[in-house]
Amino acid sequence: MDGKTKGNVAMFISKTFSGLNENALRYLLPVWMSAYSGVVMRLVFGSAFFWITGIFTRKHASVITVRQRLMLFMLGAVCVFGYMFCLLKGLTYTTPISSSIFISMQPVWVFIICVCFLHDKVTLSKIGGILLGLAGALIIILTQHASDVAADPVKGNMYCLASSVLYAVYLVLEKLLLKKIDTITVSKWTFAGGAFSALVMLCFTGWDAPVLSQGLFSTPMLALLFVLLFPTSISYLLLAVGLRNLTATVVALYGYLILVVAAVVSYILGQDHFSWWQILSMAMIVGSVYFVEIAEMDKGK
């Protein structure tokens with residue numbers, strides 16, 4: 001399996017987990033846990049997961065300087081924490097589909113960042129693909145209204161928008177760091193920074209997680225375990241594989257897969273209402289991935 005294929009497979013699995021993560025979190029929030037407590041559990045669990053994994057992979061770990069550790073820690077403290085906090089806070093008020101719409105806009109922010117700061121090449125195919133995906137997202141934004149499945153869509157969507165921007169910044173910076181530092185080292189230090197910010201926040205917000213009082217095989221606990229094991233931990237390992245083999249823009253475009261998965265599961269579980277506009281939007285978003293991938297293939301020739 002060549003690098004590009006490996007990267008695409010890793011991103012497909014990673015973002016499928018992330019799509020299901022939207023539905024699991026929406027089920028848990030805010031009845032079974034608050035957004036604040038959810039962020040703490042995700043980041044502390046993720047940090048422990050990567051540090052323990054690092055014990056078994058230390059022979060292959062990169063030797064990093066104090067400055068690099070600080071950079072990774074701060075990236076986690078600001079971007080990883082900020083992304084997860086805004087996502088969970090947003091899902092408290094809006095639906096998984098609405099949240100996924102803003103996640104699908106990550107390629108727009110990545111493209112802008114790369115063009116402005118990294119002097120990435122602008123091509124018509126890439127611009128066309130991004131605009132097609134953005135248009136698909138806008139269709140849902142303009143046709144979706146407040147309903148019984150969303151307490152405060154406007155407030156929730158603003159949090160999700162901030163989450164999307166922060167995650168795009170994280171993607172670009174992590175890709176740069178992965179050129180010199182191994183995956184586990186990057187993940188354990190960024191998650192440590194995120195966990196630090198989350199625990200500081202907890203001092204001011206308090207703890208609220210009734211899910212932890214449920215049985216191990218209860219639905220709320222199984223949903224929480226899924227969130228902690230797959231989207232929080234394994235998904236980030238796969239994300240690093242994608243970033244090593246694909247451009248940051250293409251990796252961000254896989255955020256559109258989150259929308260497709262979250263939408264289908266939302267309809268099945270009754271977390272959102274079916275709309276033909278949403279189907280049209282998803283088709284446009286899938287098309288946008290194709291056009292940007294073509295642009296990246298042409299650039300590599």
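Starting afresh in each chain, residues are numbered from 1 along the sequence in its written order. Residues qualify for local features only when their pLDDT is at least 70, as the model is predicted, and side-chain atom pairs are given and counted only at 80 or more; totals for whole chains, interfaces and linings, by contrast, use all residues. Computation of side-chain values covers all heavy atoms of the structure but excludes hydrogens and water.

Brief notes about the side chain of Ser163
Basically, it comes down to this: A run of DSSP states H or I qualifies as a helix once it reaches four residues; a run of E qualifies as a strand once it reaches two. Both are numbered from the N-terminal end. By the convention used here, residues are in contact when the closest approach between their heavy atoms is within 4.5 Å.
By the secondary structure assignment, Ser163 is in helix α7 (residues 153-177). Those residues within four positions of Ser163 in sequence are excluded, and the remaining contacts are Tyr83, Cys86 and Leu87.

Side note on unusual backbone geometry
The linkage connecting Leu29 with the following residue, Pro30, adopts the cis geometry, with an omega of -10 degrees. Along the chain, the position of Pro30 falls in the loop between α1 (3-28) and α2 (35-56).

Re the packing of helix α3 (residues 66-93) against α7
Basically, it comes down to this: Only C-alpha atoms enter the line fits that serve as axes; for helices the fit covers just the stretch in contact. Angles between N-to-C directions range over 0 to 180 degrees. With respect to orientation, any angle under 35 degrees is reported as roughly parallel, any angle over 145 as roughly antiparallel, any angle of 65 to 115 as roughly perpendicular, and every other angle as oblique. Crossing chirality is assigned from the near helix's rotation relative to the far helix, an anticlockwise turn below a right angle marking it left-handed and a clockwise turn marking it right-handed. In this classification, Asp, Glu, Lys and Arg are treated as charged, Ala, Val, Leu, Ile, Met, Phe, Trp, Tyr, Cys and Pro as nonpolar, and every other residue, Gly included, as polar.
Interhelical geometry of α3 versus α7 gives an angle of 155 degrees and a closest axis separation of 7 Å. Relative to α7, the element α3 lies roughly antiparallel. In this structure, α3 meets α7 at a crossing whose hand is left-handed. Here the contact of α3 with α7 is composed, by residue class, of 20 nonpolar, four polar and three charged.

What about the packing of aromatic side chains?
We apply this condition: Ring pairs shown here join Phe, Tyr and Trp side chains whose ring centres sit within 6.5 Å, with only the six-membered ring taken for Trp; geometry is labelled stacked below 30 degrees between planes, edge-to-face above 60, and tilted in between. We call a residue buried when its accessible area falls under 20% of the maximum for its residue type, exposed when it is over 50%, and partly exposed in between, using a 1.4 Å probe and counting protein chains only. Geometrically, a charge over a ring is one whose NZ (Lys) or CZ (Arg) sits within 6 Å of the ring centre while staying within 35 degrees of the ring normal.
Per the stated rule, a full pass over the model turns up 14 aromatic pairs. Taking the centre distance of 5.8 Å and the plane angle of 40 degrees together, the rings of Tyr167 and Tyr170 count as tilted. Remark: Tyr170 and Tyr167 occur in helix α7; sequence separation between them is three residues, near one turn of the helix. Using a relative accessible area of 4% as the deciding quantity, one classes Tyr167 as buried. A residue is classified by how much of its surface remains accessible, and Tyr170, at 2% relative accessible area, is buried. Members of the aromatic cluster, joined through ring pairs, are Phe49, Phe50, Tyr83, Tyr167, Tyr170, Phe191 and Tyr236. The ring of Trp51 carries Lys188 above its face, with NZ or CZ at 4.5 Å from the centroid.

Digging into the state of the cysteines
Put simply, the rule reads: For the purposes of this analysis, a disulfide is any pair of cysteine sulfur atoms at a distance within 2.5 Å.
Applying the stated criterion across every chain yields a total of zero disulfides. Cys160 supplies the cysteine sulfur nearest to Cys86, a cysteine that is in no disulfide, at a spacing of 8.6 Å.

Topic: the side chain of Arg42
Quick reminder of the rule: Charged residues are defined narrowly, with Lys and Arg counted positive, Asp and Glu counted negative, and His plus the chain ends left uncounted. For this document, the term salt bridge refers to a Lys or Arg side-chain nitrogen within 4 Å of an Asp or Glu carboxyl oxygen. In protein, a polar contact requires one atom able to donate a hydrogen and another able to accept it; more generally it is a pair of N or O atoms within 3.5 Å, and residues adjacent in sequence count only if both atoms are side-chain atoms.
Note on placement: Arg42 falls in helix α2. No salt bridge is formed by the buried Arg42, whose closest oppositely charged neighbour, Glu22, lies at an N-O distance of 7.0 Å. At a separation of 2.8 Å, a polar atom in the side chain of Arg42 contacts the side chain of Thr232. In this structure, Arg42 is in contact with Asn21, Leu25, Met84, Leu87, Leu88, Phe191, Val227, Leu228, Pro231 and Thr232, ignoring residues within four places of it in sequence.

Comments concerning the nonpolar core
What counts here: By convention a nonpolar core is built from buried Ala, Val, Leu, Ile, Met, Phe, Trp, Tyr and Cys residues, the set being connected through side-chain atoms within 4.5 Å.
Ranked by size, the top nonpolar core spans 66 residues in total, and within it Met33, Leu43, Tyr236 and Leu239 carry the most contacts. It is α3 that contributes the most residues to this core, twelve residues altogether. Ignoring any residue separated from it by four or fewer positions in sequence, one finds Tyr236 in contact with Phe50, Tyr83, Met84, Tyr167, Tyr170, Phe191 and Pro231. Formed by 16 residues, the second largest nonpolar core is a distinct cluster that contains Phe102, Ile130, Leu134 and Leu259.

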